[in-house]
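# Fold and geometry: a report
Single-letter residue listing:
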Amino acid sequence: MKKTKIICTVGPSTDNVELLRKMMLAGMDLARFNFSHGNHEDHGKRLQLVRQAAEEAGKVIATIADTKGPEMRLGMFAESKIELNEGDDFCLTTEEYLGDRHMAHVNYAGLPQEVEIGSNILLADGLLSLKVVRIDGCRIYTKVVNGGELSSRKRVACPGIELKLPFLSEQDKADILFAVEHDMD
């Protein structure tokens, strides 16, 4: 009995019963459905394919519903990409704003009340980092610590800050209900 389980994310590139069967025979134990992408119709069809392939392979394959969860994102930028350099001033605002190299919209209205001067803010999955230097109403003024390219809809993270983002969004609730209704593990 193996002690390690192999989790495979299923998606459009695995929408093939024969491919899924081969993955299962090669050691796949769990099928992960990423609810950050696709819709319930897509996931339902994919779930049927996984179950069909498991039956053909003679294996028991667990199904995992990975919900999106809470997240903060930047808004849209006027240009496709901007470049931020170490030492640059950059402002995040909860006001609607078409981003540029000086300021960008962040979609979480509570952020200015929850960060402090000296807090670190990471952008684009941590590729860029900012240090908060001033907060004024709905604007967070920062200095760029680690620069790089930045574009629309990139993730925003605040390590070490306890944010009051809602734990479950309405979409998360709908995704969990879908998983329950479709007997996912």
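Our subject in this report is the structure included herewith. In this text the structure is predicted, and so the values were computed from the model without any measurement.

## Concerning the sheet that holds strand β8 (residues 120-123)
Spatially, β4-β12-β8-β9-β10-β6-β7 is the arrangement adopted by the seven strands of the open sheet, whose pairing is mixed. The open sheet has two free edges, formed respectively by β4 (72-73) and β7 (103-105), since each of these has just one partner strand. Alignment of β4 against strand β12 (residues 155-157), held across two bridges, turns out to be antiparallel. Counted as the bridge partner of M72 is V156 from β12.

## Details of unusual backbone geometry
Phi is positive for A124, which is not a glycine, with a value near 55 degrees. Relative to the helices and strands, A124 is located in the loop between β8 and β9 (128-136). Take A124: its relative accessible area is 8%, and that puts it in the buried class. Phi angles above zero are rare outside glycine, and D183 is one such case at about 60 degrees. In this fold, D183 is placed in the segment after α4 (170-181). What makes D183 exposed here is its relative accessible area of 61%.

## Looking at the pattern of salt bridges
One pass over the full model with this rule turns up 14 salt bridges. Here E149 ties to K81 by a salt bridge, and the two come within 3.4 Å at their closest N and O atoms. With E149 in strand β11 (residues 148-150) and K81 in the loop between β4 and β5 (82-84), this pair connects stretches of sequence that are 68 residues apart. For K81, a relative accessible area of 48% corresponds to the partly exposed category. It is possible to trace a salt-bridge network through shared partners that takes in K68, E71, R73, D125 and R155.

## Some details on the side chain of H105
In this fold, H105 is placed in strand β7. A relative accessible area of 11% places H105 in the buried class. Here E95 takes part through its backbone oxygen, which lies 2.8 Å from a polar atom of the side chain of H105. With residues up to four places along the chain from it excluded, the contact list for H105 reads R73, L74, G75, T93, T94, E95, E96 and Y97.

## A few points about the environment of D88
The topology assignment puts D88 in the loop between β5 and β6 (89-93). When its relative accessible area of 17% is taken as the criterion, D88 is described as buried. As a C-alpha pair, D88 and G148 span 60 residues in sequence and 11 Å in three-dimensional space. For D88, the residues in contact, after removing those within four places along its chain, are E83, R101, T142, K143 and V144. One polar contact links the side chain of D88 to the main-chain amide nitrogen of N85, over a distance of 2.7 Å. For D88, the side chain forms a polar contact with the side chain of R101, separated by 3.1 Å.

## Concerning the packing of helix α2 (residues 40-57) against α4
For the pair α2 and α4, interaxial distance at closest approach is 11 Å and the crossing angle is 25 degrees. Classified by the interaxial angle, the pair formed by α2 and α4 is roughly parallel. In the packing of α2 onto α4, the handedness of the crossing is right-handed. Judged by residue contacts, H40, H43 and G44 of α2 engage Q171, A174, D175 and F178 from α4.

## Some points on the side chain of H43
With respect to the element layout, H43 can be found in helix α2. Overall, H43 belongs to the buried group, its relative accessible area being 2%. Contacts of H43, omitting those with residues within four sequence positions, involve F33, N34, F35, H37, G38 and F178.

Rules behind the numbers
- Residues numbered from 1 in each chain as written.
- Predicted model: local features only at pLDDT ≥ 70, side-chain atom pairs only at ≥ 80, totals over all residues.
- Heavy atoms only, no water.
- Pairing = 2+ DSSP bridges.
- Helix = DSSP H or I, 4+ residues; strand = E, 2+ residues; numbered from the N terminus.
- Buried < 20%, exposed > 50% of the residue type's maximum accessible area, 1.4 Å probe, protein only.
- Salt bridge = Lys/Arg side-chain N within 4 Å of Asp/Glu carboxyl O.
- Polar contact = N/O pair within 3.5 Å; in protein donor to acceptor, adjacent residues only side chain to side chain.
- Contact = heavy atoms within 4.5 Å.
- Axes fitted to C-alpha atoms, helices over the stretch in contact; angles between N-to-C directions.
- Parallel < 35°, antiparallel > 145°, perpendicular 65-115°, else oblique.
- Left-handed = near helix turned anticlockwise from the far one by under 90°.

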